[in-house]
Each structure stands twice: as C-alpha cells, then as structure tokens.
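Examination of the molecular architecture
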Amino acid sequence: MNLQARIHSKEQIKSASTIALWSILNLTFLPGLAFMILLLQRKKHDTNSLSDYHFKFAIKLNLSAAGALIFVSVLMILLGGFNSGWTWVFVITYFVLVHTIFIVIAVWALIRAWAGNKVFSKY
C-alpha cells in the first residue's frame, strides 16, 4: 500500500468506490437512473477529498459519454437517418470503440478508488 492510500480514511475510500461504481452502472446497466443517484452523492463528501475528486471525475466522464452518444446520434440522422446502411456502421463503431473506452476508464477509476488513489496520479 502506498503513502497516498494510507492518508485517506476507509470512509473516503468507500465513498470514492461507491461513486465510481455508480459511474460504471450509468455507463452499462442503469443509464440515467444511476446518473441521478450519482448526483445525489454530491453532498456526501468533503471538498478536496478523495471522494470529491472521484465524484468530479465520474461526472465529467459520464457527461463526456453522453455528449459522444448525442454526437453519434446527430451524425446518424444527418448522414441518412435511421434507415441508412451507414447507421449500423456508426452504431457498431461507437459501441465497440468509444463506449468501451468510457467503460474501461470507469473500471480503472473504480480500481484506483479501491486503492485509495486518484485516477491520474503517480502516487
């Protein structure tokens, strides 16, 4: 266990892990509902804490995923609508590449939260 993980309390690590889990659920099984529950986690942690960092990261990640999904949907409509053959190219490409990247990043955030670390830090 590194020095950073020892600094954070078990409650901070548990809160950060819960936030990261809701982020994954929003990207996979419970879109929308999990995001609302994630937003309810906002008041349950201190400013500049590990859980606050993971909360901000999760919100940015999930809003980026929503933006990418909206962008692909608009692109599909502009390039032929839902009856075009290109629709499946966009759908399959989005889910195989883009959405998978968002899920992998969310899983990485959960693992880092379990370890008591920030997503992007050396220590």
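Before going into details, it helps to say that this report is about the structure given with it.

Calculation rules
- Residues numbered from 1 in each chain as written.
- Predicted model: local features only at pLDDT ≥ 70, side-chain atom pairs only at ≥ 80, totals over all residues.
- Heavy atoms only, no water.
- Helix = DSSP H or I, 4+ residues; strand = E, 2+ residues; numbered from the N terminus.
- Buried < 20%, exposed > 50% of the residue type's maximum accessible area, 1.4 Å probe, protein only.
- Contact = heavy atoms within 4.5 Å.
- Areas by Shrake-Rupley, 256 points an atom, 1.4 Å probe, with all protein chains shown as cover.
- Axes fitted to C-alpha atoms, helices over the stretch in contact; angles between N-to-C directions.
- Parallel < 35°, antiparallel > 145°, perpendicular 65-115°, else oblique.
- Left-handed = near helix turned anticlockwise from the far one by under 90°.
- Nonpolar A, V, L, I, M, F, W, Y, C, P; charged D, E, K, R; others polar.
- Salt bridge = Lys/Arg side-chain N within 4 Å of Asp/Glu carboxyl O.
- Phe/Tyr/Trp six-rings, centres within 6.5 Å; stacked < 30°, edge-to-face > 60°.
- Core = buried A, V, L, I, M, F, W, Y, C linked by side-chain atoms within 4.5 Å.

1. A closer look at the overall build of the chain
Per the secondary structure count, the chain includes five helices and zero strands. Oriented by its inertia axes, the alpha-carbon framework of the chain measures out at about 55 × 30 × 20 Å. Taking all 123 residues of the chain together, 40% fall into the buried category. Relative to all contacts within the chain whose residues are 6 or more apart in sequence, the contacts with residues 24 or more apart total 67%. Counting every atom, the chain has about 7,900 Å² of accessible surface; 72% of that belongs to carbon and sulfur.

2. Notes on the packing of helix 2 (residues 10-27) against helix 3 (residues 33-40)
Two numbers describe how helix 2 lies on helix 3: the axes approach to 7 Å, and their chain directions differ by 160°. Here helix 2 lies roughly antiparallel to helix 3, going by the angle between them. Where helix 2 crosses over helix 3, the handedness of that crossing is left-handed. Within the contact between the two elements, helix 2 uses Ile19, Trp22, Leu25 and Asn26 and helix 3 uses Ala34, Phe35, Ile37 and Leu38. Partitioning the contact of helix 2 with helix 3 into residue classes produces seven nonpolar, one polar and no charged.

3. Observations regarding the pattern of salt bridges
Throughout the structure, instances matching the rule amount to one salt bridge. Across the salt bridge formed by Asp52 and Lys56, the nearest N and O atoms sit 3.2 Å from each other. Taken together, the positions of Asp52 and Lys56, both in helix 4 (residues 50-78) and four residues apart, correspond to about one turn of that helix. The class for Asp52 is buried, based on a relative accessible area of 8%.

4. Quick notes on unusual backbone geometry
Despite not being glycine, Asn48 has its phi angle at roughly 60°, a positive value. Along the chain, Asn48 turns up in the loop between helix 3 and helix 4.

5. Things to note about the packing of aromatic side chains
Considering all chains together, one arrives at four aromatic pairs under this definition. Here the aromatic rings of Tyr53 and Phe57 are separated by 6.5 Å at their centres, their planes lie at 15°, and the arrangement is stacked. Of this pair, Tyr53 and Phe57 both sit in helix 4, four residues apart, which is roughly one turn of that helix. The exposure class of Phe57 is buried, given its relative accessible area of 15%. Between Phe57 and Phe120, the ring centres sit 5.8 Å apart and the planes meet at 65°, which makes this aromatic pair edge-to-face. Here Phe57, found in helix 4, pairs with Phe120, found in the segment after helix 5 (86-114); they are 63 residues apart in sequence, far enough to count as distant. An aromatic cluster is present here, built from Tyr53, Phe57, Trp108 and Phe120 joined pairwise through their rings.

6. Section: the nonpolar core
In terms of nonpolar packing, the biggest core is built from 20 residues, with Leu27, Phe57, Leu61, Phe102 and Ala106 touching the most fellow members. Elements represented by at least two residues in this core include exactly helix 2, helix 4 and helix 5. Dropping the residues within four chain positions of it, Phe102 is found in contact with Leu27, Leu61, Ser64, Ala65 and Ala68. Leu38, Phe55, Ala58 and Ile59 belong to the second-largest nonpolar core, a separate cluster that totals six residues.

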